[in-house]
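Topology and contacts: notes
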Amino acid sequence: MDFRNALTHAVERYRAEIAGSHEHLALLRWQMAEGHALDRRDTFPGHLTTSAFVLSPDHAQVLLIDHVVIGRWLQPGGHWEEADQFHLSAAREAIEETGVQGLSLHPWHQGGDLPFTIDSHDVPGKPSRGEPAHIHHDLQYLFLADPALPLIAQVEEVHAAVWKPIAALTGIAPRALERLSNLPKP
């Protein structure tokens, strides 16, 4: 994958086809224009992450993790690592952190790599790594999985991996929740 070209294409397409009128992605676009190495976690003020909204087939539940470092419930995800497509990075994170089985890209993506949402958000620094507070530019993708299958939380990074009602996204990812509510019911 040519990271810069793929990111430029994903962001431009997202802005043209998905983004709301208030989603300018100004910092992300500025860093891209400046040639920042967004694929490196030591790039500041921000760098790229990917995450997965793993839904039950009926869209009633979402798979969430209790994140060790951040101390709150979130969708699985992490720093971008080399992959042929961005959604594959998000899928890898979901599988690593939760042990979710039978993960498949949601039909909304039509097999492509267009993010469902792009969320640039503040992240606390980690002084032990000499890491300042910074921004994660998170490309977020939808996946489906069977909530009846067992999960295995990656205890180094998460306290738990649990299926919760979709409404749990209210305080975690309100933009994604709003878009999910507009998806056709399966």
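What you see is a predicted model, and the numbers here were worked out from it, not measured in a lab.

1. Brief notes about unusual backbone geometry
Residue Phe44 is joined to Pro45 through a cis peptide bond whose omega torsion reads 20°. Following the sequence through the fold, Pro45 ends up in the loop between helix 2 (26-33) and strand 1 (46-55). Non-glycine residue Leu25 carries a positive phi angle of around 55°. With respect to the element layout, Leu25 can be found in the loop between helix 1 (3-17) and helix 2. Look at His59: it is not a glycine, yet its phi comes out positive at around 65°. Tracing the sequence through the fold places His59 in the loop between strand 1 and strand 2 (61-67).

2. Describing the packing of helix 1 against helix 2
Relative orientation of the contacting elements helix 1 and helix 2 amounts to 145°, with a least axis distance of 11 Å. At the point where helix 1 passes helix 2, the crossing takes the left-handed sense. For the pair formed by helix 1 and helix 2, the contact residues are Leu7, Thr8, Val11 and Arg15 on the first element and Leu28, Arg29 and Met32 on the second. Residues of the contact of helix 1 with helix 2, tallied by class, amount to four nonpolar, one polar and two charged.

About the criteria used
Residues numbered from 1 in each chain as written. Predicted model: local features only at pLDDT ≥ 70, side-chain atom pairs only at ≥ 80, totals over all residues. Heavy atoms only, no water. Helix = DSSP H or I, 4+ residues; strand = E, 2+ residues; numbered from the N terminus. Axes fitted to C-alpha atoms, helices over the stretch in contact; angles between N-to-C directions. Left-handed = near helix turned anticlockwise from the far one by under 90°. Contact = heavy atoms within 4.5 Å. Nonpolar A, V, L, I, M, F, W, Y, C, P; charged D, E, K, R; others polar.

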